[in-house]
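Residue strings, one per chain:
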Amino acid sequence: MKELICIVCPKGCHLKVDEENGYQVTGFSCQRGEEYGRQELLHPTRVLTSTVRVEGGLHARLPVKTNGVIPKEKMMEAMRLLDDICVQAPVKTGQVILADILGTGVSFIATRSM
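Draft legend 1. Up close: the sheet that holds strand E3 (residues 24-26). If you walk across this open sheet you meet the three strands as E1-E2-E3, and the pairing is antiparallel. Unpaired on one side and paired on the other, strand E1 (2-5) and E3 mark the two borders of the sheet. Looking at each pair of strands side by side, their axes are set apart by 25° on average, direction ignored. Where strand E2 (residues 14-18) meets E3, three bridges bridge the pair, whose relative direction is antiparallel. For Lys16, the partnering residue across the bridge sits in E3 and is Thr26.

Draft legend 2. Just the side chain of Thr66, in detail. Along the chain, Thr66 turns up in strand E6 (residues 61-66). Here the side chain of Thr66 touches Gly68 through a polar contact of 2.7 Å, landing on its backbone oxygen. Beyond its immediate sequence surroundings of up to four residues, Thr66 is in contact with Arg46, Val47, Leu48, Ile101, Val106, Ser107 and Phe108.

Draft legend 3. Up close: the sheet that holds strand E5 (residues 49-55). Ordered in space as E8-E5-E6-E10-E9, the five strands form an open sheet in which the pairing is mixed. With one partner strand each, in any of the chains shown, strand E8 (86-88) and strand E9 (96-98) form the two edges of the open sheet. Each strand of the sheet is rotated relative to its neighbour by a mean of 45°, with strand direction disregarded.

Draft legend 4. Just the nonpolar core, in detail. Counting residues in each nonpolar core, the largest one holds 18 residues, and the members touching the most others are Val52, Leu62, Val64, Val87, Ile97 and Phe108. Beyond its immediate stretch of four places on either side in the chain, Val64 contacts Leu48, Thr49, Ser50, Thr51, Val52, Leu82, Ile97, Phe108, Ile109, Ala110 and Thr111. By size, the runner-up hydrophobic cluster in this structure holds seven residues, among which are Cys6, Cys13, Val17 and Tyr36.

What counts and how
- Residues numbered from 1 in each chain as written.
- Predicted model: local features only at pLDDT ≥ 70, side-chain atom pairs only at ≥ 80, totals over all residues.
- Heavy atoms only, no water.
- Pairing = 2+ DSSP bridges.
- Helix = DSSP H or I, 4+ residues; strand = E, 2+ residues; numbered from the N terminus.
- Axes fitted to C-alpha atoms, helices over the stretch in contact; angles between N-to-C directions.
- Polar contact = N/O pair within 3.5 Å; in protein donor to acceptor, adjacent residues only side chain to side chain.
- Contact = heavy atoms within 4.5 Å.
- Core = buried A, V, L, I, M, F, W, Y, C linked by side-chain atoms within 4.5 Å.
- Buried < 20%, exposed > 50% of the residue type's maximum accessible area, 1.4 Å probe, protein only.

Here you go:
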């Protein structure tokens, strides 16, 4: 039995997931919590936030994030992709910085204009 705290909403339900009984989830207050508990054990995913270098901007780094979730096991490899990226200002919020990360169909996008 695994115990998790749901991060889908601010309520933070304490979930218990029974791996030996078909990943049955208890302790959730909504359907999204049940789905999160099962998903977290079967195929964990995350939105990844970071920064990239920027030239000609107000600051030296531009905040970026993925526009969807990527498999948790690919997070470090995705972070390494950002090491060599340097964008040129101006950049708009939502602009794609790196498309199709590791074949996931998810992109890094700018989270601020600069």
